[in-house]
Amino acid sequence: MAIVHDVPEGKGLVARLLTTDFCPWANRFVFWLREPVGWFVLATAASVVVGLYVAPIGWTLAASLASLIAVGMLWPAVAVHAAECSLGPYQQQVHEDEPCELQLAVRNRWPLPIWGLAIEGYLDRRQETVDEANVPTVALAFVRAMATSTYRISIRPEMRGRYPDGNAVLTCSFPFGIWTAKRKLKDVSPITVWPRVYPIAGQAAIAGSRAAESGEGQRRGRTGDFLGVREYRRGDSVRQVNWIATARSGDLVVTERSGPQCPTVLVIVDTAIDAANPDELADRVRVAASLLANLHQSSVPLRVHAGSPCLAVRRGREGFIQIMDRLADIPADGFAHSQLPDSLKATASLLISSNGRGEVLVCISDPSVNPRSTDRRAHRVICRNRDLSAQLLSFWGEVCDENLVA
């Protein structure tokens, strides 16, 4: 892979010459020099040449370097194969920036202590470029000999997703750090990091044509406020019979009540990403998670479109998990084909996208209010440089009820 380092023109000619890759085709031949052990091998070969043709001291240097290479490679290799590790979270789902704990169990079958064990690739995203090292999720300074040790590690995930997103590996580079031994970690429990949800006070009392658990009574039903009585009809439940009115009239009379109603809200989350501002999509998903959590808490029937086929959200805790899992599945760099057609945008009750300045744009509308007009929209811009929680709290209660009404 070609790697070219861009240096400003203000730098000197020597700096540009030293930081430019003129032969990218030759990288595969010198890739082994990325590990420090490669330079030690090169130095050992040079010492052998010195011992053969210049002075006997070259043999001493070669022996010393060879011993250092042997210890620096043998000890890490033995350490990662002598240790058996299992890693998993105490909670299978956790939100961004919330503390959670991991349990790491390490069994050392070696009669000597192990130093410098680390686990990479569990809760860290895989680096796209090979010249960037992964930051280990867990690092241990010392593991006792012939014992099983259990550790509780407190972490704060910073990015949504399902982890591990690759192979978690057990690594060790002790004692000299010239070579890193790696072994795939088999006993790993996954963890799902949900997007952060900002609290929004109150519930959306949205009325419409479908039954809901809460809201204003808009039509006759079996639950809700008392409306009156009527004659018994075939199919009415015995529980609805008003026995006092039945005794007075001599005929079966049932109680009629109002039923809270609510429309189905279609929420579309634009999953496109701006290459110049990769954090834009992350904030957009957090805003979507906050609004969807508030609507779901208010027992509003939801359909969510987030870079994949529409999701019909169930009620209760199961529906909340559906929403968070769908948003967690959105890649950090967005979907490859995430441009929403105008026809789909026009049918959205709640559209969450971004404007030209990279700020989150929340567009609230309901075309079913007036089929002849699709311009009835309430736009709200969420500034990324300000507190998202305060902005959501200030505008959501003002616009959701009057714009999401069917």
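Residues numbered from 1 in each chain as written. Predicted model: local features only at pLDDT ≥ 70, side-chain atom pairs only at ≥ 80, totals over all residues. Heavy atoms only, no water.

A. Up close: the packing of helix H3 (residues 36-53) against helix H4 (residues 57-82). The N-to-C vectors of H3 and H4 enclose an angle of 155 degrees; their axes lie 7 Å apart at closest approach. The orientation of H3 relative to H4 falls into the category roughly antiparallel. In the packing of H3 onto H4, the handedness of the crossing is left-handed. Contact residues: Val-37, Phe-40, Val-41, Ala-43, Thr-44, Ser-47, Val-48, Val-50, Gly-51 and Leu-52 in H3; Gly-58, Trp-59, Leu-61, Ala-62, Leu-65, Ala-66, Leu-68, Ile-69 and Met-73 in H4. Class assignment for the residues of the contact of H3 with H4 results in 15 nonpolar, four polar and no charged. (Axes fitted to C-alpha atoms, helices over the stretch in contact; angles between N-to-C directions. Helix = DSSP H or I, 4+ residues; strand = E, 2+ residues; numbered from the N terminus. Parallel < 35°, antiparallel > 145°, perpendicular 65-115°, else oblique. Left-handed = near helix turned anticlockwise from the far one by under 90°. Contact = heavy atoms within 4.5 Å. Nonpolar A, V, L, I, M, F, W, Y, C, P; charged D, E, K, R; others polar.)

B. Quick look at H4. In a regular helix each residue adds 1.5 Å, so 26 residues correspond to 38 Å; H4 covers 37 Å between its end C-alpha atoms and thus fits that length. If you check which residues of H4 are buried, you get Gly-58, Ala-62, Leu-65, Ile-69, Gly-72, Pro-76, Ala-79, Val-80 and Ala-82. Contact partners of the buried residues in H4: H3, strand S1 (83-89), strand S3 (100-108), strand S4 (114-120), strand S8 (169-172) and strand S9 (181-184). (Expected span 1.5 Å × (residues − 1). Buried < 20%, exposed > 50% of the residue type's maximum accessible area, 1.4 Å probe, protein only.)

C. Structural detail: the sheet that holds S3. A sheet is described by the order of its strands in space; here four strands give the open sequence S6-S3-S1-S10, paired in mixed fashion. Strand pairing shows two members of the sheet lacking a second neighbour, strand S6 (147-155) and strand S10 (187-188), which therefore form its edges. Against the sheet, H4 makes contact with S1 and S3, and its axis sits at roughly 60 degrees relative to S1, the strand it touches most. (Pairing = 2+ DSSP bridges.)

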